[in-house]
Each structure stands twice: as structure tokens, then as C-alpha cells.
Amino acid sequence: MGSGKSTIGKLLASRLSLSFVDLDEMIVQAQGKSIPQIFEQDGEAVFRALESQALEEALKFQDSVIATGGGVILSEHNRERMKDAGQVIWLDASPKTLAARITGDSNRPLLHDVDPLEKMIALTSERNPLYEQVADLKIDTSILSDKEAVDKIAAFLSE
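Below is a summary of the structure that appears in this document. (Residues numbered from 1 in each chain as written. Predicted model: local features only at pLDDT ≥ 70, side-chain atom pairs only at ≥ 80, totals over all residues. Heavy atoms only, no water.)

Considerations on helix 3 (residues 35-42)
In step 1: Those residues of helix 3 that sit buried are Ile35, Ile38 and Phe39. The arc that holds every buried residue of helix 3, seen down its axis, measures 95 degrees, which confines them to one face. Of the residues in helix 3, the exposed ones pointing more than 90 degrees away from the buried face are Glu40 and Gln41.
In step 2: Buried-residue contacts for helix 3 involve helix 2 (23-31) and helix 4 (44-58).
In step 3: Trailing helix 3 by a residue or two, Gly43 shows a phi angle of about 95 degrees, which is positive. (Buried < 20%, exposed > 50% of the residue type's maximum accessible area, 1.4 Å probe, protein only. Helix = DSSP H or I, 4+ residues; strand = E, 2+ residues; numbered from the N terminus. Arc of directions from axis to C-beta. Contact = heavy atoms within 4.5 Å.)

Shown next, in the form of C-alpha cells:
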């Protein structure tokens, strides 16, 4: 959340002349409601199941850049599918940077009625070890511009 997956993913896809797939957008389109509405009406467990379904659909696309939601990594099955499908790029940033980027964003249901910095510290401590299991490349977006991040990823993928 707030690491730049959608922005950097779109730029990377454009640079590499690939299609771009955003799991959150797929879920919103398929369900006809926003992510906060899904969380509120159906709960996080339903959203995570929808996220896994969207990942399966997205992995059917050839030659694409897929921006996953930050929580997709929580499922062992999702981690295995991502790793099997291709190169996994982990866009990381410090909890402080992430909190600054997402504070005030009403489209973040995990931030409802919580301190963004505390929540980002908790999420990164839970999720980072999982990202470490699958990532082929880790990019710290708190110290790079979007263009610099895309340059690094493109260079890595062309090796």
C-alpha cells in the first residue's frame, strides 16, 4: 500500500511495450463496487478470496506487468503462483514513507480509524518476510523516483 505498484507498473509496462494489469482494478470492475465497499459489506476475507481469483485471471495474460494488491502475498498459494509465473519485483518503502503517501486516502480500508504509521509498521513487519520469499528484485521506492525505479527494473529484466 503506497509503494507505487500501480504507478510504476504502468510506467514499466509502457517502457517494455507490455500490457498492464492491476488486480485492484480487476476486482472493482468485476464486483461493481469499490474496495472500501467490499471490505465494509463483505469483509476482508471475501476481498482476499477475490484478490486470489483476480491473480489467477491476471496470470493468464501473456507478456504483462501485473500490479498486485499488497495483501496478495499473505496467501501461500498466491506466493507460489507468483513465483512460478515469472519475475517478481518487490516495491518496498519505509513505513514512514508509505504512511505519508497514503494518509488521507479514503480508498484504503485497512486504514479506517487507525494511525497510518502504526498500521504501516504492522503491515510491513507481517508482509516483508513473505515478500522476501518470492521477490527476484527488491526496489526501495522511498529513495528512488518512479523513473529511476522503472530504469532499475527494466535493466534487471534485460539481464
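Re the nonpolar core
In step 1: Counting 20 residues, the largest nonpolar core has Leu23, Ile27, Phe47, Leu55, Ile73 and Met82 as its most contacted members.
In step 2: The set of elements that each furnish at least two residues to this core consists of helix 2, helix 3, helix 4 and helix 7 (116-134).
In step 3: The biggest single contributor to this core is helix 4, with 5 residues.
In step 4: Listed in part, the 12 residues of the second largest apolar core include Leu91, Ile139, Ala149 and Ile153. (Core = buried A, V, L, I, M, F, W, Y, C linked by side-chain atoms within 4.5 Å.)

As for the environment of Thr68
In step 1: Note on placement: Thr68 falls in the loop between strand 2 (64-67) and helix 5 (76-85).
In step 2: Classification of Thr68 by relative accessible area gives buried; the value is 13%.
In step 3: Apart from the residues within four sequence positions on either side, Thr68 is in contact with Lys5, Leu23 and Leu55.

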